[in-house]
Amino acid sequence: MDLASAPDPEGAGVRAVVSILAALLGFGAVTGTAWALYSGTTSSTGNALVASSDWVAPTVSGSVIAKSQGGVAGYIGQGGSYYAYANATDAGAPASGLVSIAANLGSLTAGQSAAPLSPGSFSAGGASYGYRSAALTANATLAAGTYSYALSTKDVAGNSRTQSGYTVVVDNTAPTASDIQTTNKSGNTAGRPEIGDTVIFTFSEPIDPNSIVAGWTGAATNVVARIANGNPDTLTVWSATNTVQLPLGSVALGRSEYVSSSATFGATGTPSSMVQSGNTITVTLGTASAGPTTALIAGTMTWTPSSSAYDWAGNPESTAARTESGASDREF
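This text gives an overview of the structure that appears in the document. Predicted, not measured: the structure shown is a model, and the values here were computed from it.

Each value, and the rule that gives it
- Residues numbered from 1 in each chain as written.
- Predicted model: local features only at pLDDT ≥ 70, side-chain atom pairs only at ≥ 80, totals over all residues.
- Heavy atoms only, no water.
- Core = buried A, V, L, I, M, F, W, Y, C linked by side-chain atoms within 4.5 Å.
- Buried < 20%, exposed > 50% of the residue type's maximum accessible area, 1.4 Å probe, protein only.
- Helix = DSSP H or I, 4+ residues; strand = E, 2+ residues; numbered from the N terminus.
- Contact = heavy atoms within 4.5 Å.
- 1 Å grid on protein atoms, 1.4 Å probe; cavity = no way out; pocket = protein on both sides within 12 Å on 5 of 7 lines; lining within 4 Å.
- Points joined across faces, edges and corners; volume = space filled by probe spheres on them.
- Nonpolar A, V, L, I, M, F, W, Y, C, P; charged D, E, K, R; others polar.
- Salt bridge = Lys/Arg side-chain N within 4 Å of Asp/Glu carboxyl O.
- Pairing = 2+ DSSP bridges.

## As for the nonpolar core
Stage number 1. By size, the foremost hydrophobic cluster in this structure holds 30 residues, and its most contacted members are Phe-201, Ile-212, Leu-235 and Met-274.
Stage number 2. At the level of elements, β10 (177-183), β11 (198-203), β12 (221-228), β13 (234-238), β15 (263-265) and β17 (280-284) are the ones that each hand at least two residues to this core.
Stage number 3. Contacts of Ile-212, omitting those with residues within four sequence positions, involve Ile-207, Leu-246, Pro-247, Leu-248, Met-274, Ile-281 and Ala-309.
Stage number 4. Of all hydrophobic cores here, the second largest spans 23 residues; its members include Ile-65, Leu-117, Tyr-149 and Val-168.

Put into structure tokens, the structure is as follows:
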């Protein structure tokens, strides 16, 4: 084979490139265009580009306002002390972390449009919360009704959110004694206080059970009832250990024949019990000690309440006495 006429693919490619470059140079010479090839790299050590992974604002998952005395939450009274509680979490990939949470309580307490909440472990109304405000005082004059408040949160990355629609009820009406009654358990002797007989305290509105026994929810709990011999005989309710009188006041039974000497019910044997339902607290007598007798003449009870009992908003109960409704009768 004639080497001069043999195919030369690589040489043909080179000649094509050379031809193109020559053409470009010629074009540049005619038009005055300069052509050049450049290459190079550089670096910067003084600057960095950082992307945040948290673009999501924190979220409040729950909140409540509760009076400082504890017990039922969601209610306060004018001039009363209260706390604001909340649960809040931050999101992100990863989350940068919650840096602040504040409550706008200006409608309840002047000047508290951004009351800060601090982290911790708190309980209100039987629920747990991770944040709580300092103790605040409601305005001395605050109309009864439902008030709204809002919570604002912010995370370390600067994301913020305000959530509204949380409410609290302001109640300024003091509870009062509405009625006092007793019942006789079927099979017991009428007119004689015995195990299973009841005493029913009725209030004008529900009493916070926490004001009667610390931590009490209103469910059945053991107590001791006492009837003191006097003129008339007087009934009081005591703690399960028979050491502290409960703030149910005292009940004058209208007659002096219910005990021949002061007696306890539930201190030994079957305990007395107490349960709340709506506006009423019912005490069921337990085992009686020596002393109960049978009254043969009708009378009328008078209940003198205790101001240590309070309603859901913390309003103390009026101590105005209440006479048993209905006709005179023998109790129990």
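That covers the picture; the talk isn't over yet.
## As for the layout of surface pockets
Stage number 1. In this structure, the largest pocket occupies an estimated 180 Å³ of space.
Stage number 2. In the lining of the largest pocket, the residues fall into four nonpolar, six polar and one charged.

## Describing the pattern of salt bridges
Stage number 1. A complete count under the given rule lists two salt bridges for this structure.
Stage number 2. For Lys-67, the salt bridge is made with Asp-208, and the minimal N-O distance between the two is 2.6 Å. Of the two residues, Lys-67 sits in strand β1 (residues 59-67) while Asp-208 sits in the loop between β11 and β12, which places them 141 residues apart along the sequence.
Stage number 3. Taking relative accessible area as the criterion, Asp-208 reaches 0% and is therefore assigned buried.
Stage number 4. Close ionic contact of Arg-255 with Glu-257 constitutes a salt bridge, the shortest N to O distance being 3.0 Å.
Stage number 5. Using a relative accessible area of 25% as the deciding quantity, one classes Glu-257 as partly exposed.

## Comments concerning the side chain of Ser-239
Stage number 1. Its place among the elements puts Ser-239 in the loop between β13 and β14 (250-252).
Stage number 2. The exposure class of Ser-239 is buried, given its relative accessible area of 14%.
Stage number 3. Setting aside residues no more than four positions away along its own chain, Ser-239 makes contact with Val-223, Val-224, Val-244 and Leu-246.

## What to know about the pairing of β1
Stage number 1. Burial within β1 is extensive, with seven of its nine residues counted as buried.
Stage number 2. Summarising the sheet, β1 and strand β3 (residues 81-89) pair through eight bridges and their orientation is antiparallel. Residue pairing in the sheet places Ala-66 in a bridge with Tyr-83 of β3.

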